[in-house]
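Descriptive structure summary
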Amino acid sequence: MTKSLFTAGIYSLALVGGTSVEAQQTGFTWGGSVEIGVDSTVRSDDSSAEVTDTYISADAAFEAKITDRITAFGALTLESVTDAEDNRAFEDMGLYVSELGLRFAFGETLVSVGKISPVFAVAWDEAPGFYGTSLAEDYELSEMVGVTVDTPVGATGGTLSFAAFYADDTALSNSIGNKRGRNSAAAGGVGNTGKLNNVALQYSQEFGETNAWVGARHLSAGVDEPEDETGMVVGATHDFGNGFNMIGELAYFDNAGGTDGDATYATLGGAYAVDDWTFSATATLVDTSDNTDSMIALGVDRSLTENVEVNFGVARFDVGGEKSTSVGLAAVVSF
């Protein structure tokens, strides 16, 4: 599950004190959410993996208009910065900058420079349900240093996104509180090169209630990887207009993770909304040279108010030959 949310407690209360009128007058806009929940692996072939993580996570993002063409942007994230290895409650919390930079407008073309999140694929973010993104998030691109260009194509709702980047190795890669440590190119990993020799390109197009995308990326080998990784993705979402919508995405990676093996991810998800309830199901299959991993997840979400919802999910995983069952429950407040 993606749990990249920012600030709890006093800071979130301070943000809520702002108004949209002030934003319009100053050119400053913000938003975010706070999530508190429980994510528990209740059964696993590996008994040491039966861990319950009671967590709080939060995020806040802002944009500040400097001139008619220049905008400063940024985002902060508060979450547990290490994976749970045993039962824990609100532990290992760290605060870090997930995005920070300047955005330049050239007509409808936007150029962003700084710590960025390059555009590649969609399922890692939009697959429905509490656990819907769990395997697809393997190929999310985030916390990169570089430049992105987003430009409309034609007059039919198409957008072309390009990015050149490398994994953040500045002081912003560390965290306050529980320190996750500063990244460096010496740590290795595809894309962690300290050079702008990694690229991502994606084109998305709207067709009425359907949105489709196709993309590619190239991540250069780090110091410990024998190969560069090349990835391709294609996918679509469709809103049927009766409360039901679907997402499908297929992603392929040659030399996945800089290894000599390939990986193919196939994700299919659907959600049905009725009144304040949303019921969802998502399945992901990951075929690699060594294993075939899978996830089947069911979710139920309930909107309590315009800004508050409760999410419940259950998922069955088969990863690395080990089967497990997870159950999660969370409350999310957006502002």
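For every chain, the first residue of the written sequence is number 1, and numbering continues from 1 along that sequence. The predicted origin of the model limits local features to residues at a pLDDT of at least 70 and limits the giving and counting of side-chain atom pairs to 80 or more, whereas totals for whole chains, interfaces and linings rest on all residues. The side-chain numbers reported here are obtained from all heavy atoms of the structure, hydrogens and water having been left aside.

What follows deals with the overall build of the protein. Each helix is a run of DSSP H or I of at least 4 residues and each strand a run of E of at least 2, with the numbering of both proceeding from the N terminus. Broken down by element type, the protein carries three helices and 18 strands. Each radius of gyration reported is based on C-alpha atoms, and the globular scaling rule is 2.2 Å times the count of residues to the power 0.38. Since a compact globule built from 335 residues should have a radius of gyration of about 20 Å, the 20 Å found for the protein is in line with a globular shape. For the protein, the spread of C-alpha atoms along the principal axes amounts to about 55 × 50 × 45 Å. Across the 335 residues in the protein, those meeting the buried criterion constitute 41%. The contact criterion used throughout is that any non-hydrogen atoms of two residues lie within 4.5 Å. Sequence separation of at least 24 residues holds for 55% of the intrachain contacts in the protein that already meet a minimum separation of 6. Surface accessibility of the protein: about 16500 Å² in total, with carbon and sulfur atoms responsible for 57%. Think of it in three bands: residues with accessible area under 20% of the maximum for their type are buried, residues over 50% are exposed, and the middle band is partly exposed, with areas taken using a 1.4 Å probe on protein chains only. Here the open area of atoms and residues is found with the Shrake-Rupley method and a 1.4 Å probe, where only the protein chains shown may cover a residue.

Only residues whose relative accessible area exceeds 30% and that take part in no salt bridge are eligible for patches, with like-charged residues grouped when within 9 Å of each other and nonpolar side chains (Val, Leu, Ile, Met, Phe, Trp, Tyr) grouped when within 5 Å. Salt bridge, as used here: a side-chain nitrogen of Lys or Arg that lies within 4 Å of a carboxyl oxygen of Asp or Glu. A grouping of V153, L160, F162, V199 and L201 is seen on the molecular surface, where their side chains present a nonpolar patch of about 350 Å² in accessible area. Going through the elements one at a time, β8 (158-167) and β10 (198-207) are the ones with two or more residues in the nonpolar patch. Among the structural elements, V153 can be located in strand β7 (residues 144-153).

This next bit is on the packing of aromatic side chains. Aromatic contacts are taken between Phe, Tyr and Trp rings whose centres are within 6.5 Å, Trp giving its six-membered ring; a plane angle under 30 degrees counts as stacked, one over 60 as edge-to-face, and the others as tilted. One pass over the structure, following the stated rule, counts 11 aromatic pairs. Ring centres of W277 and F279 lie 6.3 Å apart, and the angle between their planes is 10°; on these two criteria the pair is classed as stacked. Here a set of aromatic residues connected by ring pairs shows up, and it is made of F120, Y139, F253 and Y265. Note that R103 overlies the ring of F73, its terminal NZ or CZ placed 4.3 Å from the centroid. Note on geometry: a ring has a charge over it if NZ (lysine) or CZ (arginine) is within 6 Å of the ring centre and within 35 degrees of the ring normal.

This part takes up the layout of surface pockets. Using protein atoms alone on a 1 Å grid, points that fit a 1.4 Å probe yet trap it form a cavity, whereas open point sets bounded by protein on both sides within 12 Å along at least five of seven lines form a pocket; residues with an atom within 4 Å of a point count as lining. Grid points are joined across faces, edges and corners, and a volume is the space filled by probe spheres set on the points. In this structure, the second largest pocket encloses a volume near 210 Å³. What lines the second largest pocket is a set of 14 residues, among which D138, Y139, R217, E229 and G257 lie closest to the centre. Contributions of two or more residues to the lining of the second largest pocket are made by β11 (210-219) and β14 (263-274).

A word on empty space enclosed by the protein. Unfilled space is identified by rolling a water-sized probe across the atoms. By the definition in use, this model includes one cavity of 30 Å³ or more. For the largest cavity, the calculated volume is near 30 Å³. Around the largest cavity, the lining residues are P118, V119, T148, D150, S161, F162, A163 and A200. For the lining of the largest cavity, the elements supplying multiple residues, two or more each, are β7 and β8. Gly is put with the polar residues, along with every residue not named as nonpolar or charged; the nonpolar set is Ala, Val, Leu, Ile, Met, Phe, Trp, Tyr, Cys and Pro, and the charged set is Asp, Glu, Lys and Arg. Its residues assigned to classes, the lining of the largest cavity comprises five nonpolar, two polar and one charged.

Nothing here speaks to function; it is geometry throughout.
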